[in-house]
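# Topology and contacts: notes
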Amino acid sequence: MSVRSVRAEIRRMRRGHRSGRRLARAGDVYMVALGVFIYGGIAIQAVRRLVARPPTGPAIHNLPVAQWLLLGCAVVALGLVVRGLLAFGPVVASGAFHFWLLATPLNRRGLLSRRFWWTAIAGTLLGALVGLGAAALLRADLPGKLISTAGGAALVLGAVALSVALQAKAKNGRAVSAALAVVGLLVLTMAVFVTPPLLDPPVAVVAAVVIPVYAIAHTYRALGTLTRSALATGAEMLSVTKAAMSWMDITMFAGIMTVRKWRGVGRVRSRSLGGTRYGAMLSADVRRLSRNRGRILAWAGLLLAPYAAVRVLPDLIVPAVQLVAATAAVSPLATGLRNVCRSPGLRRSLGGTDAGLRLVHLAVPAVLALVWTALTLPAASTVATVLAPVGAVAYTYRRATAPPVDYDWTAVDSPFGLVPPNMLRQLLRGPLLLVLLVGLQLNL
C-alpha cells in the first residue's frame, strides 16, 4: 500500500465524520477572517499614517545605517526563529498519525512531506510580510520593496530548513541560535557606532535566496531520517500553545517553557545561601541571573535600541523607544518576583509579609532598570528619560502581581461578537500602563 492510497482512505473517513460540522466550521472561519480583516486593516492604517506623517522630520534620515540595522535585526531574528521552531518541532507528529502511520513500513518522507511543505510555505509567507513591512517603514521604492520581501521570505525559509536539519540530528539548536544572535548584535553595534557603507541589496538577496532554496530541497530529501521521538518532541508544546491561546493565559506557555528549560539543564551546582531571610532571598535572585544567560544577553543587546533610534528616527520618538526597550530588557529578569506573586504556598513557606516578599524580589529588576537607563543616557538625555526605569519597574510589577485569569464574568454583545470586558481588562494589565507612559513620553 502506498502513502497516496492511505491518505485517500483517511480523507474519505474524515469526510464521513465531519459532514455535519461543515456549516459550523465555515461560520468559525468567517468570524476569524472578519476579525483579522477588520483589526488588521485598522493596524495597517495606523502604521501608514505614522509613516506618512511622522511627528518631526523625515522617518529615515540615514539610509546606510537603517540598512545595516535591518540586516542585524534579521540575523538576530533568524537565530530566534530557529530556536522557536525547534521548540515546536518544526515537523510535528502526534496522536494516531504518530502511533500508527509512522510505525508502519510506509515511506516516511512521503508521510511527512505535506507537513514539511506547509510549514515551509507558511514561514515563507510570514517572512515576506515582515520584509514588506520593513520596506514600507524605510520608505523604499518598488525595487526596494521587492528585494526586502524576497529577503525576508528567504531568511525564514532558511530558518525552516536549518531547523529541520537540526531536528533530524536531535540537536536543540542552542549553539546555532546563540551564534546567530551574537553575529547580529555585532552587526547592530557596527551600524550604531560606525558609519557603514551603502549596501548593494541585489547581490546579497540573490545569495540569500539561492542558499535557502537549495537548503530546503536538501532538507526535504532528509525527511526520512526523522525519528519518531524527534517528531513527537513538539507535540507537547503545540498542545500547550493551543490551550494558552484558547484560554488567553500566557502562564500556561511560560510554565511548560520553564519545565523544558530546567529539564535540559538537568543538574546545577548547589550552594548554600547566606544571610537572613530577606538577604538569602536577595542572594537567590542575584544568583538566578547567572543561570539566565540568554536573558542577560538580551538585556545587553537592547542597550543598542536607543542609540539606533537616534541614528534613524526623529528625536521626539527616542525616549519612547528607550522606555519600551528598558521594559523589554528588565521584565524577563523578574522570575523571582513572578514566582513569589503567583504561588501562595511559596509565600507561606518563605514567611514574612506579602509586601516584604514582593519588595525584596523587586530590588534586582529595579537595579537592572537603573543601570540600563544610565548606560543609555547619552542617547536620550532628556527629562523624559526619568520615566524609563520607573515605567519598566512599574510594568514588571503590574504583570507579576496580576491575579489568575478569571472567566466568571458576563460578556457584552458587540458587532464583532461577544466581548468579555473584564477578561480584556485582565489581559491589558501592564501593557495599558506602558501605552499611557509612552504617550506621556511623546508629549514631554
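Summarised in this report is the structure supplied together with it. Numbering of residues starts from 1 in each chain and follows the order in which that chain's sequence is written. Per-residue local features are limited, in this predicted model, to residues with pLDDT of at least 70; the limit for side-chain atom pairs, both in listing and counting, is 80 or more; totals at the level of whole chains, interfaces and linings are taken over all residues. The side-chain values count all of the structure's non-hydrogen atoms but skip hydrogen atoms and water molecules.

### Some thoughts on a nonpolar patch on the surface
Going by this rule: The residues that make up patches have over 30% relative accessible area and no salt bridge, and they are joined within 9 Å when like-charged or within 5 Å when they are Val, Leu, Ile, Met, Phe, Trp or Tyr. Methods summary: accessible areas were calculated by the Shrake-Rupley approach with a probe of 1.4 Å, and residue burial reflects only the protein chains presented. Within this document, salt bridges are pairs made up of a side-chain nitrogen of Lys or Arg and a carboxyl oxygen of Asp or Glu, the two lying within 4 Å of each other. Numbering of helices and strands runs from the N terminus; a helix is a DSSP stretch of H or I covering at least four residues, while a strand is a stretch of E covering at least two.
Together, Met-248, Leu-424, Leu-427, Leu-428, Leu-432, Val-435 and Leu-436 line one region of the surface with nonpolar side chains, adding up to about 620 Å² of accessible area. Those elements that provide at least two residues to the nonpolar patch are helix H20 (421–427) and helix H21 (431–442). Top element by residues in the nonpolar patch is H21. It accounts for three residues. Among the secondary structure elements, Met-248 is positioned in the loop between helix H10 (235–247) and helix H11 (250–265).

### Points about helix H16 (residues 335–342)
Which entries qualify depends on this criterion: Three labels apply to residues, based on accessible area from a 1.4 Å probe with only protein chains included: buried if under 20% of the type maximum, exposed if over 50%, partly exposed otherwise in between.
Extensive coverage of H16 is indicated by the burial of six of its eight residues. Regarding H16, the residues found buried are Thr-335, Gly-336, Leu-337, Arg-338, Val-340 and Cys-341.

### Considering the side chain of His-361
Note the following rule: Note on contacts: a residue pair qualifies if any of its non-hydrogen atoms lie within 4.5 Å across the two residues.
Secondary-structure assignment places His-361 in helix H18 (residues 354–375). His-361 gets classed as buried once you look at its relative accessible area, which sits at 6%. With residues up to four places along the chain from it excluded, the contact list for His-361 reads Met-281, Asp-285, Gly-336, Leu-337 and Val-340.

### Describing the environment of Ala-120
Relative to the helices and strands, Ala-120 resides in helix H5 (residues 108–137). Measuring from C-alpha to C-alpha, the distance between Ala-120 and Val-156 comes to 8.3 Å, with 36 residues separating the pair along the chain. Excluding its chain neighbours within four sequence positions, the residues that come into contact with Ala-120 are Leu-157, Val-160 and Ile-216.

### Some thoughts on the packing of helix H12 (residues 277–290) against H18
Stated formally: A fitted line through C-alpha atoms serves as each axis, taken over the contacting stretch for helices, and the angle formed by two N-to-C directions is quoted from 0 to 180°. Handedness of each helix crossing follows the sense of rotation of the near helix against the far helix: counterclockwise by less than a right angle gives left-handed, clockwise gives right-handed. Here the nonpolar group is Ala, Val, Leu, Ile, Met, Phe, Trp, Tyr, Cys and Pro; Asp, Glu, Lys and Arg are the charged ones; every other residue, Gly included, is treated as polar.
Packing of H12 against H18 brings their axes to within 10 Å, and their N-to-C directions diverge by 35 degrees. Handedness of the crossing formed by H12 with H18: right-handed. The segment H12 lies against H18, with Tyr-278, Met-281, Leu-282, Asp-285, Val-286 and Leu-289 engaging Gly-356, Leu-357, Val-360, His-361, Ala-363, Val-364 and Leu-368. By residue class, the composition of the contact of H12 with H18 is ten nonpolar, two polar and one charged.

### What about the packing of aromatic side chains?
Any two aromatic rings considered together are summarised by their centre-to-centre distance and by the angle between their planes. Selection rule: Each aromatic pair joins two rings of Phe, Tyr and Trp (for Trp, the six-membered one) with centres within 6.5 Å, and gets the label stacked for planes under 30 degrees apart, edge-to-face for over 60, and tilted for any other angle.
Under the defined criterion, the tally for this structure stands at four aromatic pairs. Taken together, the ring pairs in this structure connect Phe-116, Trp-117 and Tyr-220 into an aromatic cluster.

### Some details on the packing of helix H14 (residues 304–312) against helix H15 (residues 318–330)
Let me state the cut-off plainly: Throughout this description, any angle smaller than 35 degrees is read as roughly parallel, any larger than 145 degrees as roughly antiparallel, any in the 65 to 115 degree range as roughly perpendicular, and the remainder as oblique.
Where H14 meets H15, the closest approach of the two axes is 9 Å, and the angle between their N-to-C directions is 160 degrees. Taken as axis vectors, H14 and H15 run roughly antiparallel relative to one another. The handedness of the crossing between H14 and H15 comes out as right-handed. Of H15, the residues touching H14 (which contributes Ala-305, Pro-306, Ala-309 and Val-310) are Val-318, Val-321, Gln-322 and Ala-325.

### Structural notes on the nonpolar core
Across soluble globular proteins, you tend to see nonpolar side chains buried next to one another. This is how the line gets drawn: Buried Ala, Val, Leu, Ile, Met, Phe, Trp, Tyr and Cys residues form a nonpolar core when they are joined through side-chain atoms within 4.5 Å.
In terms of nonpolar packing, the biggest core is built from 19 residues, with Trp-299, Leu-337, Leu-368 and Trp-372 touching the most fellow members. It is H18 that contributes the most residues to this core, five residues altogether. Once residues lying within four places of it in the same chain are set aside, the contact partners of Trp-299 are Ala-329, Val-330, Leu-333, Leu-368, Val-371, Trp-372 and Leu-375. With 16 residues, the next largest nonpolar core counts Leu-112, Phe-116, Ala-161 and Val-164 among its residues.

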